[in-house]
Amino acid sequence: MEAIKEHTGKVFPLDRSNVDTDQIIPKQFLKRVERTGFGQFVFYNWRFDDDGNTKSNFELDSDKYKDASILVAGENFGCGSSREHAPWALLDFGFKVIIAPSFADIFYNNAFKNGIILIKADETQIEEWMAQAKDGTFHPHVDLVNQTISDGEKQVPFDIPSYHKEKLLNGWDDIALTLLLDDKIKAYEEKQAARV
Amino acid sequence: MGKGKTVIEKIWETHVVHSEPEKPDLIYIDQHLVHEVTSPQAFEGLRLNNRKVRRPDLTYATMDHNVPTANREVIKDEISRTQMETLRRNCEEFGIELADMHHPDQGIVHVIGPQLGLTQPGRTIVCGDSHTSTHGAFGALAFGIGTSEVEHVLATQTLMQSRPKTMNVKVNGDLPAGVTAKDLILAIIAKFGVKFGTGHVIEYTGEAIRSLSMEGRMTVCNMSIEGGARAGLISPDETTVEFLRGREYVPEGEAFEQKTKEWLSLASDRDASYDMTLEIDAQEVEPQVSWGTNPSMVVPVSGHTPSIDDVENKDEVRRALEYMGLQENQPITSIEVDHVFIGSCTNSRLPDLVNAANIVKGHKVKQGVRAIVVPGSFSVKLQAEELGIDQVFKDAGFEWRESGCSMCLAMNDDVVPAGGRCASTSNRNFEGRQGSGARTHLVSPEMAAVAAIEGNFMDVRKFQTGVLS
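Model, not experiment: these values are computed from the prediction.

**Observations concerning the overall build of chain B**
Now for step 1: Helix and strand counts for chain B stand at 16 helices and 19 strands.
Now for step 2: The globule rule puts the C-alpha radius of gyration for 469 residues at 23 Å, and the 21 Å found for chain B is close to it.
Now for step 3: Principal-axis analysis of the C-alpha atoms gives chain B an extent of 60 × 55 × 50 Å.
Now for step 4: When each of the 469 residues of chain B is scored for burial, the buried share is 59%.
Now for step 5: The long-range share in chain B, meaning contacts at least 24 apart out of those at least 6 apart in sequence, stands at 76%.

**Some details on the sheet that holds strand E11 (residues 231–233) of chain B**
Residues and elements named next belong to chain B.
Now for step 1: Reading across the sheet, the four strands line up as E11-E10-E9-E12 and stay open at both edges, with parallel pairing between neighbours. Each edge of the open sheet is held by one strand with a lone partner, namely E11 and strand E12 (276–281). Put simply, the sheet's adjacent strands are angled 20° from each other on average, direction ignored.
Now for step 2: Where strand E10 (residues 200–205) lies against E11, three bridges are found, and the strand directions are parallel. The residue bridging Glu203 from the neighbouring strand is Leu233, located in E11.

**Looking at the UniProt feature "binding site: [4Fe-4S] cluster" (unreviewed entry) in chain B**
Residues and elements named next belong to chain B.
Now for step 1: As annotated in UniProt, the feature "binding site: [4Fe-4S] cluster" (unreviewed entry) corresponds to Cys345, Cys405 and Cys408 in the numbering used here. These annotated residues cover 64 residues of sequence, and their C-alpha atoms lie no more than 8.7 Å from one another, placing them together at a single site.
Now for step 2: Within the element layout of this structure, Cys405 appears in the loop between strand E17 (399–400) and strand E18 (421–424).
Now for step 3: Once you skip the residues sitting within four places of it in the chain, Cys405 turns out to touch Asp64, His65, Ile108, Ser344 and Met411.
Now for step 4: Checked against the element boundaries, Cys408 lands in the loop between E17 and E18.
Now for step 5: When the 28 C-beta atoms within 10 Å are taken as the criterion, Cys408 is described as buried.
Now for step 6: Not counting the four nearest positions on each side in its chain, Cys408 is found in contact with Gly343, Ser344 and Ser426.

**Let's talk about the domain arrangement of chain B**
Residues and elements named next belong to chain B.
Now for step 1: Domain assignment breaks chain B into domain 1 (7–277) and domain 2 (287–465).
Now for step 2: Inter-centroid distance (C-alpha atoms) of domain 1 to domain 2 is 25 Å.
Now for step 3: Listed as interface residues are 37 residues of domain 1 and, on the opposing side, 39 residues of domain 2.
Now for step 4: Counting residues per element, the ones that place at least two in the side of domain 1 that touches domain 2 are helix H4 (109–116), helix H6 (181–192) and helix H8 (214–222).
Now for step 5: Counting residues per element, the side of domain 1 that touches domain 2 draws most heavily on H6, at six residues.
Now for step 6: Tallied by class, the residues present in the side of domain 1 that touches domain 2 amount to 14 nonpolar, 16 polar and seven charged.

**Focus: the interface of chain B and chain A**
Now for step 1: If you look at the interface, chain B gives 50 residues, while chain A gives 38 residues.
Now for step 2: Looking at the side of chain B that touches chain A, the elements that each hand over two or more residues are strand E1 (16–18), strand E2 (25–28), helix H2 (40–48), helix H3 (78–94), helix H5 (147–156) and strand E8 (158–161) of chain B.
Now for step 3: Ranked by residue count, the leading element in the side of chain B that touches chain A is H5(B), at seven residues.
Now for step 4: Tallied by class, residues from the side of chain B that touches chain A come to 16 nonpolar, 23 polar and eleven charged.

**Some remarks on unusual backbone geometry**
All names here are of chain A.
Now for step 1: With phi around 55°, Asn18 is a residue other than glycine that occupies positive phi space.
Now for step 2: Assignment of secondary structure puts Asn18 in the loop between strand E2 (11–14) and helix H1 (21–24).
Now for step 3: Classification of Asn18 as buried rests on a count of 26 C-beta atoms within 10 Å.

**Observations regarding the environment of Val340(B)**
All names here are of chain B.
Now for step 1: For Val340, the position within the fold is in strand E15 (residues 339–342).
Now for step 2: Between the alpha carbons of Val340 and Thr440 there is a distance of 9.6 Å; along the sequence they are 100 residues apart.
Now for step 3: Beyond its immediate stretch of four places on either side in the chain, Val340 contacts Val369, Ala371, Cys422, Ala423, Ala448, Ala451 and Ala452.

**Considerations on the pairing of E8(B)**
It is a general feature of regular strands that their side chains alternate between the two faces of the sheet.
Residue and element names in this part refer to chain B.
Now for step 1: Across the two faces of E8 the burial is the same, with Thr158 and Met160 and Leu159 and Gln161 all buried.
Now for step 2: Summarising the sheet, E2 and E8 pair through four bridges and their orientation is antiparallel. The residue of E8 that forms the bridge with Tyr28 is Thr158.

**A word on the nonpolar core**
Now for step 1: Counting 188 residues, the largest nonpolar core has Val72(A), Ile98(A), Leu184(B), Val340(B), Ala448(B) and Ala451(B) as its most contacted members.
Now for step 2: Counting residues per element, this core draws most heavily on H6(B), which supplies eight residues.
Now for step 3: Ignoring anything within four residues of it in the chain, the contact list for Ala448(B) reads Val340(B), Ile342(B), Ala356(B), Ala423(B), Ser424(B), Thr425(B) and Val443(B).

**What about the environment of Thr156(B)?**
Now for step 1: Here Thr156(B) shows up in helix H5.
Now for step 2: A C-alpha to C-alpha distance of 39 Å links Thr156(B) and Ser436(B), two positions 280 residues apart in sequence.
Now for step 3: Among residues more than four places away in sequence, those in contact with Thr156(B) are Ile175(A), Thr178(A), Leu179(A), Ile185(A) and Arg54(B).

**Here we look at H5(B)**
Now for step 1: Among the ten residues of H5(B), ten are classified as buried, and the element is accordingly described as predominantly covered.
Now for step 2: Just downstream of H5(B), Gln157(B) is the residue with a positive phi angle, here 60°.

**Remarks on the environment of Thr132(B)**
Residue and element names in this part refer to chain B.
Now for step 1: Along the chain, the position of Thr132 falls in the loop between strand E6 (124–127) and strand E7 (141–144).
Now for step 2: Here Thr132 falls in the buried class, since 28 other C-beta atoms lie within 10 Å of it.
Now for step 3: In sequence terms Thr132 and Pro300 are 168 residues apart; their C-alpha atoms lie 27 Å from each other.
Now for step 4: Excluding residues that lie within four positions of it along the chain, Thr132 makes contacts with His110, Ile125, Val126, Cys127, Ala142, Phe143 and Gly144.

**Looking at the packing of helix H12 (residues 350–360) of chain B against helix H15 (residues 445–454) of chain B**
Residue and element names in this part refer to chain B.
Now for step 1: The interhelical angle for the contact between H12 and H15, taken along N-to-C directions, is 30°, at an axis separation of 8 Å. In the packing of H12 onto H15, the handedness of the crossing is right-handed. Between H12 and H15, the contacting residues are Asp352, Asn355, Ala356, Ile359 and Val360 on the first element and Pro445, Glu446, Ala448, Ala449, Val450 and Ile453 on the second.
Now for step 2: Each residue belonging to the contact of H12 with H15 can be placed in one class, and the counts come to eight nonpolar, one polar and two charged.

Definitions and cut-offs
- Residues numbered from 1 in each chain as written.
- Chains lettered and ligands numbered in written order.
- Predicted model: local features only at pLDDT ≥ 70, side-chain atom pairs only at ≥ 80, totals over all residues.
- Helix = DSSP H or I, 4+ residues; strand = E, 2+ residues; numbered from the N terminus.
- Rg over C-alpha atoms; globule rule 2.2 N^0.38 Å.
- Buried ≥ 20, exposed ≤ 12 C-beta atoms within 10 Å, placed from the backbone.
- Contact = placed C-beta atoms within 7 Å.
- Pairing = 2+ DSSP bridges.
- Axes fitted to C-alpha atoms, helices over the stretch in contact; angles between N-to-C directions.
- UniProt positions renumbered as here; feature names shortened; annotations may be inferred.
- Domains from an automatic or database assignment.
- Nonpolar A, V, L, I, M, F, W, Y, C, P; charged D, E, K, R; others polar.
- Core = buried A, V, L, I, M, F, W, Y, C linked by C-beta atoms within 7 Å.
- Left-handed = near helix turned anticlockwise from the far one by under 90°.

See the structure below:
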């Protein structure tokens, strides 16, 4: 995955809780055998009607939010299915950062593995940012090294697990890291084989 | 704080390959299950990096999400066919055992694992599918993973995982007659919400859990993810042992007796402590029906949809009612369905079908209702046919299908049309889950059978006694 240290971008406020991965990428688009090309289908059933026309009540495709790269959402974002197509679709669409009060466990792991920065923030702060994003007055700079979100006036610190941070900053591949521990895996397997 | 350990801790501690402060543990995976939807990109990743599958012998694949259930020979969607072909080629190339669409061991991955005895107490089991929690019914630590993690397990047979917190969900007393494992897990999620289990592994304990069959336990553990927990499990006991005796991948004779001792010793110690404990009274559980668009939006069949005034999450409830085409404060029994689906990794095992058939026998599916039964595996289908259950369903007007995931997520041709309303024994009532614009009501197989006959929801206990109040 690509290393990421910081990001500045336009925010799309998704003022909904419990956004499940069926909404992020509906199942009819899970049949591709590649990792790419899912962005066009992100939030499909909310963005488009059955004939493929843009729905007016979901603003992701409006000029106001064109090229948004930061998603601010409600609690328990990414619940449901384990499909990694969800972070693939979000990333492919252009989202580099997702900010929410909480994330579902499987999505949380999946997103980091693809180089998306996930930030947990408290609900009051999220509500403030949602309102600012709707007014078009929130253009944050996310600094992963110093763990801050700033919008010119205010600087808000955030927590992120150190191992996720390290991997994002370096663009490290998990499998390559684990294979460095191959002798430990072998030793474990030998011990198990001897037990049986 | 007791000194004893939970089954969760016992399994975790024996699977840690490597541990460092401030980092997740590296844990060993005993059994990796693979299906066609979440694996192609993982195999592609191996090829791009010139990596092998470390332990093909601990890996088992099947096709379930895309397979046609009406006629195995007719795959209308070319991309579905490609995905299944891709799995076949990948299994050949990497030497992985595959139960393909025509194989006698084919079925929904979470049905065949236990059926074959690949699912055993104490094992760490993963699959690129969130309902992998199902296997926890056997006292295994089983959880769903993403495709990057699938690739990681294929390449290393391990996973980087943070040690989970433990949660005891204690079900006191016994379930009332006519109330099922499905009703219990729906009631648990209705009570505690869709994220109560986040960051935790749940152990289900208590009298009601002990009394459940293995199939009932699988139904409960299956929906752990709907409460936010990646894994849910139940300590192994004699019920577990008897289910596994004689299964294909389970040892025989003296070796089995040895295994039995090992398995039973995994049960949580009496003085074990948990990071969190929640309790529910089994006696208060009634047959449940979901009314909304997430699995906590559930009420007893005797209940109503919520009133907007009574809830805190007004926008969410309003949007859910609108999507579902329901009024606030509407009696559940007034909701009419046009589709009924009996199947999925939650409720497609033999006892599920037998129990539904016992309701259906001698009745007809209501005119205007399309009802289908999709057995969880080829083996379940055969056993049901030997018992004559297929005929009971067919006589009543149900369609009797080949095994697969089918209408649970409608990746094949089994789709509920936009605006259609389905009583479904599956696990997710998300918007569009069973088809774009489709409306899903989650219920038990018994309640689905009654809905098929009546055309609307009705308490199965009243249906059985014929006493309507």
